[in-house]
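Next come the chains, spelled out residue by residue.
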Amino acid sequence: MSQRIVDLVRARFPQAVLETHAFRGDDTIVVRREDYLEVVRFLKDSPGTAMDFFVDLTCVDWPERKPRFDVVLHLKAWRSSERLRVKVGIPEDDCSCPTLSGLWPAANWFEREAFDMYGVKFVGHPDLRRILLYDEFQGYPLRKDYPKDRRQPLVPMCDDAPPQPPPFPERPH
Amino acid sequence: MGGVGDRPPASEPPRGPGGAPQAGWLTTKLDPLLAWSRRWSVFQYPYVTACCAMEFMSTMCSHFDMSRFGAEIPRWSPRQSDVLWVVGTIVHKQAPALKRVYEQMCEPKWVVAFGTCASVGGFYDNYSVLQGIDKIIPCDVYIPGCPPRPEAVLEGLMLLQEKIGRGELSRWQQEHPAAARRAG
Ligand code: SF4
């Protein structure tokens, strides 16, 4: 559906696009992290693409993969109704990604949520704090290696409350 | 313990002209009278956080009409209410607020866990949800269901009223005997 836009990006940034694929009319481009910001800026500002609507930004954890995380961005062009998904791989040991909050103010809270749940640092973000969880929370709960039954209460639990169930045995992947 | 209107068997009531018992007097013990009046004037504080609220609203509104049971008035200040209804999912981030609301309530006070989430955490067995409000505050009645039917809610209310009417101590009073004596 938006193959035209994929081709435009490929022509403009031949070295940046690592991979593209389409599923039922939804196109995805996977870009290098170094070129991510420039690619998105091009998608937003160039008249040929005009992907001016920031739909969603989230993150995916692939524990066995390298790079471990994907930051996933969904864009839409109001005028042509074309949609595009942009993915960028984030390695675990340098878990950071350029911020889009300079392009769309709305990206601010989405990036805070991705930081809150996955610990991806958005470089250049004006206010990178937790947004849903409390400041005392340790770790990033939507990472696949966060223990399923680890809780971090803020008030002491009653003594007579039933004990926590034992953790589930590790399952081989 | 006698109920309201129990008369001491030995004493004869004073009779008016014509031998009819004179109106305008009542003998009872103070405790049952207090329990009886508490039972039929339950002021509620709804602490409503999630989808169970829908069922709470329908129980309060005219179709099921909770006011038939003497539990008509929601109070929007915990200081004026007797029963804390915890309706919905309580997350760890919110637990300090719930505990604080509970501590602001005057004694004696009762707590109802409305729905599976408030009772045991429901299906949210994860990092964020408190696994039952009884981990942080004493709880008197648990109403199961996701969400509970209004009939179940009314039964929970009636169970609580029976408990109050029997003069039984609330879970809070059982756990704080010294403070409970002060509160009468
Ligand atoms: S018990 Fe069910 S209906 Fe009630 S708050 Fe939990 S999820 Fe919602």
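These numbers come from a predicted model, not from an experiment.

*Asks:* Talk me through the packing of aromatic side chains; I want residue IDs and the actual numbers.
*Replies:* Here a ring pair, both rings aromatic, is described through the centre-centre distance and the interplanar angle of the planes. Residues and elements named next belong to chain A. By the definition in use, this model includes 13 aromatic pairs over all chains. Centroid distance Phe-13 to Phe-42: 5.7 Å. Interplanar angle 80°. Geometry classified as edge-to-face. One end of the pair, Phe-13, is in the loop between α1 (3-12) and β1 (17-23); the other, Phe-42, is in helix α2 (residues 36-45), with 29 residues separating them in the sequence. Just as Phe-13 is buried, Phe-42 falls in that class too.

*Asks:* How would you explain the pattern of salt bridges if you had to name every residue and give the values?
*Replies:* Per the counting criterion, the structure on display carries 17 salt bridges over all chains. The residue Arg33(A) makes a salt bridge to Asp94(A) at a minimum N-O spacing of 2.8 Å. Taken together, the residues Arg33(A) in the loop between β2 (26-31) and α2 and Asp94(A) in the loop between β5 (83-90) and β6 (96-98) connect sequence positions 61 residues apart. Taking the relative accessible area as the measure of exposure, Asp94(A) reaches 37% and is therefore partly exposed. Of the charged contacts, one joins Arg166(B) and Glu168(B) as a salt bridge, the two residues approaching to 2.8 Å between their closest N and O atoms. When salt bridges with common partners are traced through the structure, they connect Asp61(A), Arg68(A), Glu92(A) and Asp145(A) into a single cluster.

*Asks:* Could you give an account of helix α2 (residues 52-60) of chain B, naming the residues involved and the relevant values?
*Replies:* All names here are of chain B. Where α2 is concerned, the buried positions are Cys-52, Ala-53, Glu-55, Phe-56 and Thr-59. For α2, the arc enclosing every buried residue in end-on projection is 160°, short of the 170-degree limit, so these residues lie on one face. As for α2, its buried residues are in contact with β1 (44-48), β2 (83-87), β3 (110-114), α4 (115-120) and α5 (150-165).

Definitions and limits used
Residues numbered from 1 in each chain as written. Chains lettered and ligands numbered in written order. Predicted model: local features only at pLDDT ≥ 70, side-chain atom pairs only at ≥ 80, totals over all residues. Heavy atoms only, no water. Phe/Tyr/Trp six-rings, centres within 6.5 Å; stacked < 30°, edge-to-face > 60°. Helix = DSSP H or I, 4+ residues; strand = E, 2+ residues; numbered from the N terminus. Buried < 20%, exposed > 50% of the residue type's maximum accessible area, 1.4 Å probe, protein only. Salt bridge = Lys/Arg side-chain N within 4 Å of Asp/Glu carboxyl O. Arc of directions from axis to C-beta. Contact = heavy atoms within 4.5 Å.

Read these as spatial facts, not as claims about activity.
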